[in-house]
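# A look at the structure
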Amino acid sequence: MKSLDMNNTNTMYKIIIDKHLEQPEGLALDPEDGLLFFSENSPNGRIEKASLDGEKRSVVIYSSLLRVMSLSTDTENNLLYWADFGRETVEVCDYDGSNRRVLRRMIDIPLTGIQYFENVIHSVSFSRRKLVGIDVTSGEVLYDVSLKIGDPFTLAIYDGETNKTLNDPCFLQYCQHICVNTPSGPKCLCAEGYVLGTDSSSCIERSWFYDKGIIVNNATVFYMLDTRALNGQAERVPYFQIPTAIMTTFAMNAKSRMIYFADAKRNEIYTLDIFTKRYSTLLSTNPVTDLNYDWISNLLGWIEPNQSSIRTFSLNNGTASTVYTNLQQPISLTIDAINGFIFWISTTTYSIMRGTWYRKPPKTIISDLDDPMFLKYDTTSQRLFWLESGLLVKSSLPNGTDIKSHIIASRATDLFIYQDFIGWLSGEEIHFSSKTSSASEVYFNIFPNPMEVGVFDPTLQDDLRGTCKILNGRCDDICIPTETGSKCGCDIGLQLQAEQKSCDSNIQKTDFIIVSDFTHGRILQINFNTEEIVKLPINVQHTSGITLDKMTKDIIHSNSISRTVQVFSLQGKQSTLTTVTGFAYAERMAVDQSTGNIYFTAISSQPNSSYVGVLHRTQLVHKILIHDLQNPRAIVLYSAKGILFWTETLEVSKIGRAFMDGTSKEYIVTISGGSPNGLALDFETDRLYWTDGQRNTIEYSDLDGRNQRVLMTDKDAQLVDIVLNGQFLYYTAWNRQRITKIDKTKGTEVPFMKNHPELGRLDSIDIYSNDIIDVNTSCSVRNGLCSTFCLPVPEGRTCDCEENVSLEPNNAICAGVPSCRTTHINMDFLECFPYPGQTCQFECKSSFKQMANTTLACNSSGQWSPDTDLVCTEILCPFSIHHARLALDCSRKVGETCDFSCEENYNRATPEYLICNSTGDWNHDTSGLCLYISTSKPDSGNGSFLYVYMGIGFGVLVALIVFIFLCRVIHLRKTTKPTGLHYESSVMSERNQYSTFMNREYQRDFDRPSSGEYNTIAEMMEHEDMKAAKPAEDFNDHYLSPCADTTQGTYIQMTDPYVKPS
């Protein structure tokens, strides 16, 4: 295999994989087995395997990857190792993706490079400047070295003492360019621009242009730059000259290696075959700008500025048509071939317009721009780019939303987008820059008077329909590329449904654990009887703590970045969003089941400002209970006793205890060199358990800190949180991809969950079961008659208020707290405490009926929910009466007497009045209040004449219909069109003022009638004129035969196709 010397113009390289790639980063080889492995990190991370020639691609890992930056192989054991920068893990699997496991989670040490050597993974961390060695069997760290200089990003292992003899499978292959080993044996490859000869070893030049490149034209010449020019690597520039032309615009079919261009001298569009270097006339037109090629519909589209129109030419059937006319001075036509949209700029309104080839009325997607130009659609990012104010490159989504500003491109005369780069022409220079840069990074001097620039890359013209690139392959969750398109997969905790597109899960109602997966922003539910994992439909990020309200089964989640607390149902419906406080965020939380209040430890960015606080879920206010804490973490409540416990993690860590109103604070446990991360209470034995993440132990004590014991040790686990249920404890650990279950008395591990390598860093945990719920009766009934906070204490309760608000003299009501009104004409309240967060029973008064079987809740603004007027509505008798009308003064209320009158031809059957009963019914049957009066007359004997008149009328009607039908048939025969001419009115459609003719069945696919059939008489005449002006053979065959006379200038054989950039 020849070396790749970027400074040598004789360099040979071969692109072996370029399909379905956006952000490939990691790469590892097994030359002996002829395999390569690589990672693709956007949009869904995956690891793929292929042979060294790029064939036989397959996805080996596709779930729970974030950013795999480095891979390495153990070629003797066929194991693949990788470092996931986002997951902070080193992982391993077999070559086929099976037996995946997390070797080590490197908390806060993201790795950028790894290398396997002699049963050790050697790795580097760019951000931490570390060199770390990990044992591949145990996952233990063997060495950890801090580097004082440099920023290490990758590494390689060199061992001069180990000599390994390998047979070169390419030794006798005699490949002219490149030889690679594959699973089926050695294989010859040719460099870019060459194809393999029939002998399977020699290479033949395929074309004078690169397989991929950037094409620039001036009036007479096409030039191509290698795509490596984007990185500043200059190569020789092939060109093709057409000296007799004035080329104004061009488009490319990269798959067929064709260039289409417009010649302003002859007002014709030509096709240039890059393989044969021959060009020929395609069709005659008016002056043309902005030529585009649609590879899905296989047609050309362009703007004719003199007519302010957009036209197309179908390469399938050779017919041209007008799509839109009477536009507002359109420029910069560009296409989204996959979705069937076309875009252009209206220079009259300075707007970006969107339409379709099949003449859907144009739509303005962005308006009021500042002199926009050079509109381009980028198929890779699926965004529109344009230059505004002659200076700034901007972009948006195809619907005009998400407008972004990019780079300053001063004096730009054309624009192009390729992968992560933006390029533009400026004078006689071509500039390149990354999309995230603010200025030009690379530029070259090219040639005089460049006009347009475009990217020649066959992968940009792939049919992406049905692939992961379009609508995520219509997959609900994970889309996995395949050779034929795509297939769908699901994240852990979800199951692929029968239609093979959507993912769903069976949410548990009872006997479950919830746990936060910090790495992947998941909240998972695990049934502690069946071990089934369910991913809840809740998307969260930066989770610092979660807990359960065991009364409502609501999940409470805290976000450490936004400093908010969110409340979700198990089905994912967000019910509350609460800002905790200024500089602090809730680290861990616990719910007082007596009141629903949330107790939390708060970590502040300000010194000596961390605290324990309580949050009122209805009034959305909080109260600081315990001040001046140092890095508080875990918190648990013993509501029945009115006590709370918390931990502080320092060099000398502590466990504190206080009443739930913040009084009687004391420290009951001191831990030197430990890190108490989690707390759990055993209400049966009055025992306090905690996890120590530094000592990797679970310990316990009495509630006063006495009788402290170590229950168990889990070496190198980095224990985090813990909960108790019955006889068992459940805990999370950063270096365990599972929840571990142990006996609370013996400390022995009980079989529960296996390791799931897809799981990320498991942090906070809580549990729901049918155990007795811990409540304090002093606060559980009517909030202890406190208007805001009812805080349990050992001897009862304390009422308190939000920060900076004081209690009234009655020590129950807070100043300024609104109360809900309890006096209503339609209802009476039963033992109601009408303050925010409280619910009240009621009963409707007489003459009112209850519309809902519910209680009323007093909200934070002092209003009842639901509205009291909707819960008890007044009883009214019906308004409608058979053939009668109620008196105007009748209100239809219970007990009211109402008069009525009968309709015409009806007489009153009773002199009595109507009375509305308490049930909402009238005291009389309303169907018999009015009786019908007969108005019929005796038979006059003229009935027979009526039937005679009806018969005569019917006969005349039939005769008239027959006469009209015969006239219509005669008229149609006289106006039948001649065969072969399909005339269509030139009158524009009333529904679309831009359309120049009515559409027929072929309007989308441009399947015009066969030769000899036309849309209009004018089109027929134009076609006949063109035939008369050209030789018959030229008209019928736009491509010249290889033996054609070339003296007429129809093609040019390139003599010296290379010129170096100046």
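Just so it is clear, the structure is predicted and the values come from calculations on it, not from any experiment.

Parameters at a glance
- Residues numbered from 1 in each chain as written.
- Predicted model: local features only at pLDDT ≥ 70, side-chain atom pairs only at ≥ 80, totals over all residues.
- Heavy atoms only, no water.
- Helix = DSSP H or I, 4+ residues; strand = E, 2+ residues; numbered from the N terminus.
- Buried < 20%, exposed > 50% of the residue type's maximum accessible area, 1.4 Å probe, protein only.
- Contact = heavy atoms within 4.5 Å.
- Areas by Shrake-Rupley, 256 points an atom, 1.4 Å probe, with all protein chains shown as cover.
- Pairing = 2+ DSSP bridges.
- Axes fitted to C-alpha atoms, helices over the stretch in contact; angles between N-to-C directions.
- Phe/Tyr/Trp six-rings, centres within 6.5 Å; stacked < 30°, edge-to-face > 60°.
- Core = buried A, V, L, I, M, F, W, Y, C linked by side-chain atoms within 4.5 Å.

## Some words on the overall build of the protein
- A count of helical and extended segments in the protein gives five helices and 83 strands.
- By the burial criterion, 50% of the 1062 residues in the protein qualify as buried.
- In the protein, the share of contacts with a sequence separation of at least 24, taken over all contacts with a separation of at least 6, comes to 44%.
- Of the roughly 51,000 Å² of accessible surface on the protein, a fraction of 50% belongs to carbon and sulfur atoms.

## Quick word on the side chain of S516
- Looking at where S516 falls in the secondary structure, it is placed in strand β45 (residues 512–517).
- What makes S516 buried here is its relative accessible area of 0%.
- Discounting residues that sit within four places of it in the chain, S516 has contacts with R522, T543, I546, R761, L762, D763 and S764.

## Focus: the side chain of S426
- Checked against the element boundaries, S426 lands in strand β37 (residues 421–426).
- Contact partners of S426, with chain neighbours within four places excluded, come to S410, R411, T413 and H431.

## Section: the environment of K715
- Mapped onto the secondary structure, K715 falls in the loop between β63 (709–713) and β64 (719–725).
- Every residue in contact with K715, bar those within four places of it in the chain, is listed here: E140, N696 and R736.

## Describing the sheet that holds strand β30 (residues 351–355)
- Taken in spatial order, the four strands of this open sheet run β28-β29-β30-β31, and their pairing is antiparallel. Bordering the open sheet on either side are β28 (330–336) and β31 (363–366), each of which pairs with just one other strand. For this sheet, the mean angle separating the axes of adjacent strands, direction not counted, is 30 degrees.

## Some remarks on the packing of aromatic side chains
- All told, the structure shown has 26 aromatic pairs when counted by the stated rule.
- A centroid spacing of 4.8 Å and a plane angle of 50 degrees characterise the contact between F37 and Y95, whose relative ring orientation is tilted. Here F37, found in strand β2 (residues 35–40), pairs with Y95, found in the loop between β7 (89–94) and β8 (101–105); they are 58 residues apart in sequence, far enough to count as distant. Here F37 and Y95 have matching classes, each one buried.
- The interplanar angle of 35 degrees and the centroid separation of 5.9 Å between the aromatic rings of Y223 and Y239 together place this pair among those described as tilted. Here Y239 lies in strand β19 (residues 237–241) and Y223 lies in strand β18 (residues 221–226), a separation of 16 residues in the sequence.
- What makes Y223 buried here is its relative accessible area of 13%.

## Some words on the pairing of strand β54 (residues 610–616)
- Within β54, seven of the seven residues are buried, which leaves it mostly tucked inside the rest of the structure.
- Of the two faces of β54, the one carrying S610, V612, V614 and H616 and the one carrying Y611, G613 and L615 are both buried.
- In the sheet, strand β53 (residues 598–604) pairs with β54 via five bridges, with the strands oriented antiparallel. When the bridges of β54 are listed, I598 appears paired with L615.
- Here β53 folds back onto β54, and the loop between the two strands holds five residues, one of which, N608, carries a positive phi near 55 degrees.
- Judged from the six bridges that link them, β54 and strand β55 (residues 621–629) form a sheet pairing that is antiparallel. Bridging across to β55, L615 finds its partner in H622.
- Counting the residues that bridge the hairpin from β54 to β55 gives four residues, and of these L620 lies at a positive phi of roughly 55 degrees.

## Let's talk about the nonpolar core
- Grouped together as the largest cluster of nonpolar side chains are 30 residues, with contacts concentrated most on I269, L300, W302, I310, I342, W344 and W357.
- A per-element tally of this core places strand β25 (residues 299–304) first, with four residues.
- The next biggest cluster of nonpolar side chains, apart from the first, holds 21 residues, and it includes Y223, L425, I430 and F444.

## Quick notes on the sheet that holds strand β75 (residues 864–865)
- Across the sheet, which stays open at both edges, the four strands sit in the order β71-β72-β74-β75 with antiparallel pairing between neighbours. The sheet is open, and its two edges are formed by β71 (827–830) and β75, each paired on a single side.
- One ladder, built from two bridges, connects strand β72 (residues 839–844) with strand β74 (residues 856–858); its direction is antiparallel. Paired with C840 across the bridge in β74 is L856.

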